[in-house]
Every structure is written in structure tokens, then in C-alpha cells.
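This is what each chain is made of:
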Amino acid sequence: MRFRFTDTSIDTAAARHEVLDAGAGGYVSFEGWVRNHNEGREVTRLEYEAFQALALREGERILAEAFARFPVKHALCIHRTGALDLTDMAVWVGVSAAHRGEAFAACRYIIDEVKHRLPIWKKEHYRGGDSGWVNCEHCAAAPRSADHAAHADHADPAEAR
Amino acid sequence: MNTSAVPVYGLILAGGSSSRMQRDKAALLYQGAAQLDRAFDLLARHVSRVFVSLREAQTSDTTRARRPLIVDAATFVDEAAAAGAAGGPIVGIRSALAAFPDVAWLVVACDLPFLSDAALEQVLTGRDPGLLATAFRSTHDGLPEPLCAVWEPAAAAALSAHQRGGRSCPRKFLITHPVKLLEPADRRALDNVNTPEEYAAAKEALDTADPPAHPMQLTIQYFAILREQAGRSQEILETAAATPADLYAELAGRYGFTLAREQLKVAVNSDFADWSRRLAAGDSVVFIPPVAGG
């Protein structure tokens, strides 16, 4: 499985070991971390929830696309679910390839597609005690929000967390 | 049925060139869904694994590429060509038998829009694993129908000999080999669609078919904001909703969902689906709010 979930902290050393390859001259990894602010609000912790049956299927498709587009040796993506605190790692992507260029490009492709396509949801808890589902609370009044348009065509080069 | 029978996987033959149709038959829409997807879902209800058979040149086609694939093996393509035979369905069937030598294959063409659960159930339960294949007898000419049939592992060698003899017709193979033939209970299930006129007639018949007379049972799973607003993560529901769009309208009314349908995607049986797809009893439906992974 080149895409998987974990409900405990991501073991990056073990994950890196999975993409080691004697034919690889470069390795690129990306870590997404829980940040203490979002859209002007002070964030204290997060919860991730996933529709795993579909996310695993779509995640494998994304990884397969990365292999089809870039000459990489190995690629792996691990996503957290459950409750996370500030500075915890929410997602890890690792790619090995013969050369650094394709490793960077494939890693970027995977994290961008994962953010846009996988049925994973994030609930932010704010200082003050209230909370909200990211992308779901404020756009309710405006069905055709810019954010939704970005989801539709995947054109938005998603900011890494 | 012999209890020592090997397991059966499903194979959808989608390697044709659709030359008479002048459009890809796998992508033709019925009841809002592509025929390849309809065939895939149908087979998946009867066998544990389903594959799409296709030619090497078709592997990047988007209708096909998202499914597990069995590509026509070059050895068999070359062997058929060397013997002066066309490739066609036999190469697809041989490639599947070679990929999984200990599996029998429920092989169906992807131009059978009326193919039904009843027909698949009949061929699977009527199967004789001691023969080379189990097939239906055509309601039109009484001859075997090769493209909704179970092909046993033992057929591999005989198919190879058939093809090396310059023969490419799977129907001729069934006529000349030991196979079991069944009288189809669902007489329309094997009507195939080859021309634009036949497509128009079949689409009309299926799209205007009466919706289920009785409410059906669906499983709905809720995630994230919808789970909180519905106050539950799953329910089994009796509904007359014909499509996911109808179903969302019904549930939004009941639970006061704040998200508009245009903000959501929908999954049926754990894969993305069209809002206009016709729901079937037992389907599992998930509405997908705007996502925020990463």
C-alpha cells in the first residue's frame, strides 16, 4: 500500500526506510504540521476524520498517477486521523528517484492531490473553546465559493500546511 | 455444483474498437452511468474481484484506467496474428486465464446494457466446473453466447490450440468443445448494442424504466459536519429516492444540513458517483463535504 492512514504518530524513520533504493540518487519528503493559526483564528488543536474506504482507493490512484508522470523509484504517503496537538505531524510524503528533480516534482504532486481529492476532514478547535470544520462552515452561505471552484478543477496549487 | 471448484473472478471485455458504434461502447451512458461502470458494479456484486480486459493501446483511457486491468498479453496477440487469426475476445480471456491460472472467469462483454443480477446468478449457480465453460444458449439462434459465460482454467490450453489453428471465434470454440449450456431465464439480459440506433433504443428503455415500485433499503454513512448535523455516523434507510441528488434533498430536509448539494461530492459503494446515478437496493451512500486533508 503506497497510501495509508495511521491513528498514532507517524514513524518517519521507518517510512523513509520503505523508500530506500540503491538506484535512487535523491530523496524528498514533506511533512505537514499542525499550525497554531488559520484564517486569523488561534488554533489550539485539530481532529482529522476520513472516509477510509474511498480515501485509500483514491490515495492509491494518486500515487499511481505520480508513478505514471514521474520516473520515481518509490513513493509513500501516510496520513493521520484522530486528535492532534500543535506541532504534531498530520501527513508525510516520501519519494525516492534517480535524480532530485523528479523526486521534488512527484512529492509536490502527491501532497497537492492528497489535499484536494481525499475525503479527509479537519476540525479546528480555537482559543475560546469554539470549533469548526475547515472549508465547511463559512462557505455554507455561498455555494460557489472560490474554494469550491478550486476543488472542482484541482487548479489551485495548494499551499503546504 | 462441484465443491472443489476454483474461485470465480469477473472480467469485462472492453478491448473492442466500437467501429459500428463509432463511439466507445464502454463510455456510453445508461441511467446516468457509463456502461463500463455499470458492468463493473454488477459483477462486483457476484464475484470477489473484477478486472477490465483491454488492449495495450487503451491503458491510458480514463474510463478504463481507474479499474484493475488485464492487458492483452503480447504473446497471445502475436500468436493469433502468426496463425492468421484476429485477436479479439479470445486473447482477452486467455490473458486473464494466464494472469490467474487457478481462477475461473465470469466473462462479460461491455455492450450488454440489460445484463442483470438474475442472469449472473444463473450462470454462476448453473456452472459446471468439470467442463471448459458454462454459457447461455442464445434466445435468437440457440447457439452458445460466449460473452456472458464462466470460463474454467482448463479452457486455457484448448483456447490456445483453437487460436493457433487460426480460429478467433469464441462462439465456434464453445460449439466444438465440452461446455454446459443454460436456457436464459432473463431473455433480454444478453441483448447487445452495436449501432447508434440500438444504443438509442436501449438507452430509452433503461432511462424510462419505472423506478422501483417499493422503497428500497440504503446504507448512509455520515462524516465530519454532516455526521454532527445528522447526529449519527450511519443509518439504514427506507427511501424512494431514485438518485443521490434526490436522497440528499430528502436528508437535508430531515436533518437541516447547511451545505448546499453543489458543495458536495457523492460516493456510492465506496467510489465517486454521479448525482444522477440510479440507486439500487443495498447501495451504500456517502455525501462528501469540502475536504481538508494534508
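Residues numbered from 1 in each chain as written. Chains lettered and ligands numbered in written order. Predicted model: local features only at pLDDT ≥ 70, side-chain atom pairs only at ≥ 80, totals over all residues. Heavy atoms only, no water.

Chemist: Help me understand the overall build of chain A, please; the structure alone is not making it clear to me.
Modeler: For chain A, the count of helices and strands is 4 helices and 9 strands. Each helix (α) and strand (β) of chain A, taken in turn from the N terminus, gives the series β-α-β-β-β-α-β-β-β-α-β-β-α. Counting all 161 residues of chain A, 48% fall into the buried class. Residue pairs in contact within chain A that sit at least 24 positions apart in sequence constitute 78% of those at least 6 positions apart. (Helix = DSSP H or I, 4+ residues; strand = E, 2+ residues; numbered from the N terminus. Buried < 20%, exposed > 50% of the residue type's maximum accessible area, 1.4 Å probe, protein only. Contact = heavy atoms within 4.5 Å.)

Chemist: I would appreciate a short explanation of the environment of Thr44 of chain A in the present structure.
Modeler: Residue and element names in this part refer to chain A. Relative to the helices and strands, Thr44 is located in strand E4 (residues 41-50). It is 5.5 Å that separates the C-alpha atoms of Thr44 and Tyr126, two residues lying 82 residues apart in sequence. Excluding anything up to four places from it in sequence, Thr44 contacts Leu86, His125, Tyr126 and Arg127.

Chemist: How should I be thinking about the environment of Gly32 of chain B in this particular structure?
Modeler: All names here are of chain B. Note that Gly32 resides in the loop between strand E2 (29-30) and strand E3 (33-34). For Gly32, a relative accessible area of 21% gives the class partly exposed. Setting aside residues up to four positions removed in sequence, Gly32 forms contacts with Asp274 and Ser276.

Chemist: Please explain the packing of helix H4 (residues 88-99) of chain B against helix H6 (residues 155-164) of chain B as it appears in this structure.
Modeler: Geometrically, a packed helix pair is captured by the angle between its two axes and the distance between the axes. All names here are of chain B. Following both chains from N to C, one finds H4 and H6 inclined at 145°, their axes separated by 10 Å at the closest point. Along this stretch, H4 crosses H6, giving a crossing that reads as left-handed. Here Ile90, Val91, Ile93, Arg94 and Leu97 of H4 lie close against H6, whose contacting residues are Ala155, Ala156, Leu159, Ser160, His162 and Gln163. (Axes fitted to C-alpha atoms, helices over the stretch in contact; angles between N-to-C directions. Left-handed = near helix turned anticlockwise from the far one by under 90°.)

Chemist: Could you clarify how one ought to interpret the sheet that holds strand E13 (residues 271-273) of chain B in this entry?
Modeler: Hydrogen bonds between backbone atoms are what pair the strands of a sheet, whose relative direction is either parallel or antiparallel. Pairing within the open sheet is mixed, and its 5 strands lie in the order E11-E10-E14-E12-E13 (chain B). Across the chains shown, the open sheet's two edge strands, defined by having one partner strand only, are strand E11 (234-239) and E13 of chain B. For this sheet, the mean angle separating the axes of adjacent strands, direction not counted, is 35°. Taken together, the 6 bridges between strand E10 (residues 216-221) of chain B and E11 of chain B define a ladder with antiparallel strand orientation. Opposite Gln221 of chain B, over in E11 of chain B, you have Gln234 of chain B as the bridge partner. The strands touched by helix H2 (residues 52-69) of chain A within the sheet are strand E12 (265-268), E13 and strand E14 (284-288) of chain B, with E13 of chain B carrying the most contacts at an inclination of about 90°. Where helix H10 (residues 244-255) of chain B meets the sheet, it contacts E10, E11, E12 and E14 of chain B, and its direction lies at approximately 110° from that of E11 of chain B. (Pairing = 2+ DSSP bridges.)

Chemist: Sorry if this is basic, but what is going on with the environment of Pro196 of chain B here?
Modeler: Residue and element names in this part refer to chain B. Along the chain, Pro196 turns up in helix H8 (residues 196-207). Accessibility expressed as a relative area gives 34% for Pro196, which makes it partly exposed. Each C-alpha atom, one on Pro196 and one on Lys25, is 9.9 Å from the other, the two residues being 171 residues apart in sequence. With residues up to four places along the chain from it excluded, the contact list for Pro196 reads Arg20 and Met21.

Chemist: I would appreciate a short explanation of the interface of chain A and chain B in the present structure.
Modeler: Reports often express the size of an interface as the amount of accessible area lost when the parts come together. Listed by partner, the interface residues are 33 residues for chain A and 27 residues for chain B. Both faces considered, chain A and chain B share a buried interface measuring about 2,600 Å² in area, 58% of it formed by carbon and sulfur atoms. The tally of links from chain A across to chain B stands at 4 salt bridges. The interface formed by chain A and chain B includes 13 residue pairs in polar contact (both at pLDDT 80 or more). Elements represented by at least two residues in the side of chain A that touches chain B include exactly E4, H2, strand E7 (89-97), helix H3 (100-117), strand E8 (120-126) and helix H4 (146-153) of chain A. (Buried area = accessible area lost by both parts, 1.4 Å probe. Salt bridge = Lys/Arg side-chain N within 4 Å of Asp/Glu carboxyl O. Polar contact = N/O pair within 3.5 Å; in protein donor to acceptor, adjacent residues only side chain to side chain.)

Chemist: Looking at this model, I keep getting lost on the packing of aromatic side chains. Mind explaining?
Modeler: Here a ring pair, both rings aromatic, is described through the centre-centre distance and the interplanar angle of the planes. All names here are of chain B. In this structure the tally under the stated criterion is 19 aromatic pairs over all chains. The interplanar angle of 80° and the centroid separation of 6.0 Å between the aromatic rings of Tyr222 and Tyr255 together place this pair among those described as edge-to-face. Residue Tyr222 is found in the loop between E10 and helix H9 (224-230), and its partner Tyr255 is found in helix H10; the two are separated by 33 residues along the sequence. Accessibility assignment for this pair places Tyr222 and Tyr255 in one class, buried. Through a chain of ring-to-ring contacts, the aromatic side chains of Tyr222, Tyr248, Tyr255, Phe257, Trp275 and Phe287 assemble into a single cluster. Directly above the ring of Phe40 sits Arg67, whose terminal nitrogen or CZ lies 4.0 Å from the centroid. (Phe/Tyr/Trp six-rings, centres within 6.5 Å; stacked < 30°, edge-to-face > 60°. Lys NZ or Arg CZ within 6 Å of the ring centre and 35° of its normal.)

Shape is all these values report; function is a separate question.
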